Amino acid sequence: MSAPPAAPAPPAASTEASSPPVASKSPALKAWATRAPLMPALVFLIVVTQLPFVATLVTSMFDWNSLRPDDRHFTGLSNYSTVLSNAEVRESVVTTAILTAVVVLVSILIGLLLALLLDRTFKGRGIVRTMLIAPFLIVPVAAALLWKHVLYNPEYGLFNGLINAAAGVVGIDDPVQPEWVTDMPLIAVQTALIWQWTPFMMLILLAGLQSRPGELIEAAKLDGASNWQIFRFLTLPHLRRYLELGALLGSIYIVQNFDAVFTITKGGLGTANLPYTIYETFYNAHEYGEASATGVVVVIGSIAIATFALRVVSSLFSEEVSR
Amino acid sequence: MAATLTAPAKSGAKGPVPQLVRQARRRNAALGMAAWILGILFVLPVVWMALTSFHSEPDAATNPPSLTAPLTLDGYREFFGAGGGNSPWPPLTNSMTASVMSTLFVLILAFPAAYALSIRPVKKWTDVLFFFLSTKMLPVVAGLLPIYLFAKETNMLDNIWLLVILYTSMNLPIAVWMMQSFLAEVPVAIIEAAQIDGAKLPTILLRVIAPIAGPGMAATALICFIFSWNEMLFAQVLTGVVAQTAPVFLTSMITSQGLFLAKVCAASLAISLPVLAAGFAAQDKLVQGLSLGAVK
């Protein structure tokens, strides 16, 4: 996205238009009166979300294990070298990247397909839409439990049950019964997450499809453009920013995923992502300093994504405002 | 679209439907069918969960699956404490308290803020708006430790009000963004007209702004509710026996040995029910909330 975090034109309400003329008020006082409604939310947010990060930054420079509380001392950047040379942490960085990329890309692709199918009129469109949203409205932990115990379980899970039933129909006596979670742990976690996040992508892309300029497509059709040409040269460019938005918001949410990893694999079998590793380091290993240093590393990583994400949101936003 | 070229232009002619129309219809039907099949595939795990929740434990754990097993409410009875396990009501009450109270606080804080960012905007209001959003992009887990230590020092561990505060901060940026976009839709002319008629600010808020921005604010509330209800990491780390929320309670049910599928399905469905209700109620606004107001 080339658009800078733009400053769109402010809404037309100007100060003098919306406030009764009070001659005695000084401009400074008036500015504060305008600012006042903003202050509670702003102060609250800074205190609750920004101060902890400052504290994390400070803690990350201390050698601090809660099991040895008297042995707390400043160590500068040594936690960072510990963390960055720790194979487990490096592995979880890679795991996080793979997990996020696969889930985001696959759910965008399926989401696009579903959005294209839903962006037409057919019988029961509302019902299909509702069915497609359902996975997103199951509490994430419940969804993870559902996949782990009800679908993946090798003995009585639905997947192996269906394989067994199908094998029975065609007359195979001893069908394969894979141990889904043990055999393919990362894919198991990814599949569960893709199932939950595809509806999210579909909703965003469907909104994008429905905001397409209809006249333009009609004109293209009259000029004899094929469906593929319309999709390739009109729909896709229009969807580009919606695809980016879906990818970036999806990344932000999935990078932080804790529920699925915690529930399905307990971080085992090479599925520990960064949030889970940090949780482990401080919850079970009590290494406060190292946990904080890992946290700071995660923050630096997400600032990169966040800057990009903010740009995309900003370009969509300025278009909305100027419309 | 080769059909476009081959189809004869027989507009108004009676008799058999032109080939072009027939092909288009067949194609439409096929695509509609594809949508249905995919929709059913996606909802199938949820349907299976619902069905399993009404089966007895032995029937829930058969291979191949028993589709037509007799239905029973045992799973739900078990979940609601008939089997001597922990009652789900304290965690459900905790989740309700955390979600409803934090949503309420979010609305109280976000409404004036959104007002100052749309109807009577402060200088550099877009920068402020983007600051709100940027807080949402920092991973929660990085602030977890200081919050935990702070809670430990102030005896706030295992206290539901700590979660209320944290969920408020978690949802505040989303709510400010959403409400800003709803309030920006209120035409300034109407507000000015009301002022000329001598209406004071409370009257304007209540009689002019609320009716226009009301539905959007209701959707904002529902989305904040859903996010708070679903939250698991904070609840897992910061609560224990007293302030345990429903998602944490759900994972703690799994530790026991023996068959538990029906019970887990019943519990999962029961705990997801408020979210399903809120989500379907806010279906149209869901996408706007999830995209932080960027998509309308």
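## A short note on the interface of chain A and chain B
At step 1: At the interface, 95 residues of chain A touch 90 residues of chain B.
At step 2: Ranked by the residues each element gives to the side of chain A that touches chain B, the list is headed by helix 15 (residues 288-322) of chain A, at 16 residues.
At step 3: Here the residues of the side of chain A that touches chain B are counted per class, giving 68 nonpolar, 21 polar and six charged.

## Points about the nonpolar core
At step 1: Judged by nonpolar contacts, the single largest core of 164 residues is most densely connected at Ala192 of chain A together with Ala110, Leu163, Val176, Met179 and Leu183 of chain B.
At step 2: Two domains each provide a minimum of three residues to this core, namely domain 1 (17-79) and domain 2 (89-290) of chain B.
At step 3: Apart from residues lying up to four places away in sequence, Ala110 of chain B is in contact with Ala41 of chain A together with Leu172, Ala175, Val176 and Met179 of chain B.

## Here we look at the domain arrangement of chain B
All names here are of chain B.
At step 1: For chain B, the assigned domains read domain 1 (17-79) and domain 2 (89-290).
At step 2: Here the C-alpha centre of domain 2 lies 32 Å away from the C-alpha centre of domain 1.
At step 3: In this assembly, 15 residues from domain 1 lie in contact with ten residues from domain 2.
At step 4: Among the secondary structure elements, those contributing two or more residues to the side of domain 1 that touches domain 2 are helix 2 (19-53), helix 3 (57-60) and helix 4 (74-79).
At step 5: Sort the elements by how many residues they give to the side of domain 1 that touches domain 2 and helix 4 lands first, with five residues.
At step 6: Residue composition of the side of domain 1 that touches domain 2, grouped by class: seven nonpolar, five polar and three charged.

## Section: the environment of Phe53 of chain A
At step 1: With respect to the secondary-structure elements, Phe53 of chain A resides in helix 3 (residues 39-59).
At step 2: Put simply, Phe53 of chain A and Val296 of chain A are 243 residues apart on the chain and 8.2 Å apart in space, counted from C-alpha to C-alpha.
At step 3: Leave out the neighbours within four places in its chain, and Phe53 of chain A touches Val299 of chain A together with Leu138, Ala142 and Gly143 of chain B.

## Structural notes on the confidence of the model for chain A
Residue and element names in this part refer to chain A.
At step 1: Counting all residues, the mean pLDDT for chain A is 81, and 90% of those residues have values of 70 or more.
At step 2: Averaged pLDDT values over the elements of chain A bottom out at 42 in helix 1 (residues 15-18) and peak at 91 in helix 10 (residues 185-210).
At step 3: Contacts for the low-pLDDT stretch residues 1-23, under 50 throughout, to residues beyond four places or in other chains number 42 contacts.

## Re the environment of Val208 of chain B
At step 1: Its place among the elements puts Val208 of chain B in helix 10 (residues 201-230).
At step 2: Spatially, the C-alpha atom of Val208 of chain B lies 7.6 Å from that of Ile190 of chain B, the residues being 18 residues apart in sequence.

## Topic: the packing of helix 7 (residues 140-151) of chain A against helix 2 of chain B
At step 1: Between helix 7 of chain A and helix 2 of chain B, the least distance of the axes is 11 Å, while the angle of their chain directions is 70°. Taken together, the axes of helix 7 of chain A and helix 2 of chain B are roughly perpendicular relative to one another. The way helix 7 of chain A lies across helix 2 of chain B gives a crossing that is left-handed. Residue-level contacts link Leu146, Val150 and Leu151 of chain A of helix 7 of chain A to Pro45, Trp48, Met49 and Thr52 of chain B of helix 2 of chain B.
At step 2: Of the residues assigned to the contact of helix 7 of chain A with helix 2 of chain B, the class counts are six nonpolar, one polar and no charged.

## Some remarks on the packing of helix 6 (residues 125-133) of chain A against helix 2 of chain B
At step 1: Where helix 6 of chain A meets helix 2 of chain B, the closest approach of the two axes is 8 Å, and the angle between their N-to-C directions is 30°. As summarised for this structure, helix 6 of chain A and helix 2 of chain B are arranged roughly parallel, according to the angle between their axes. Crossing handedness for the pair helix 6 of chain A and helix 2 of chain B: left-handed. Facing Val128, Met131 and Leu132 of chain A of helix 6 of chain A, the residues of helix 2 of chain B in contact are Ala35, Trp36, Gly39, Ile40, Phe42 and Val43 of chain B.
At step 2: Of the residues in the contact of helix 6 of chain A with helix 2 of chain B, the class split is eight nonpolar, one polar and no charged.

Definitions and cut-offs
Residues numbered from 1 in each chain as written. Chains lettered and ligands numbered in written order. Predicted model: local features only at pLDDT ≥ 70, side-chain atom pairs only at ≥ 80, totals over all residues. Contact = placed C-beta atoms within 7 Å. Helix = DSSP H or I, 4+ residues; strand = E, 2+ residues; numbered from the N terminus. Nonpolar A, V, L, I, M, F, W, Y, C, P; charged D, E, K, R; others polar. Core = buried A, V, L, I, M, F, W, Y, C linked by C-beta atoms within 7 Å. Buried ≥ 20, exposed ≤ 12 C-beta atoms within 10 Å, placed from the backbone. Domains from an automatic or database assignment. pLDDT = per-residue confidence, 0-100. Axes fitted to C-alpha atoms, helices over the stretch in contact; angles between N-to-C directions. Parallel < 35°, antiparallel > 145°, perpendicular 65-115°, else oblique. Left-handed = near helix turned anticlockwise from the far one by under 90°.

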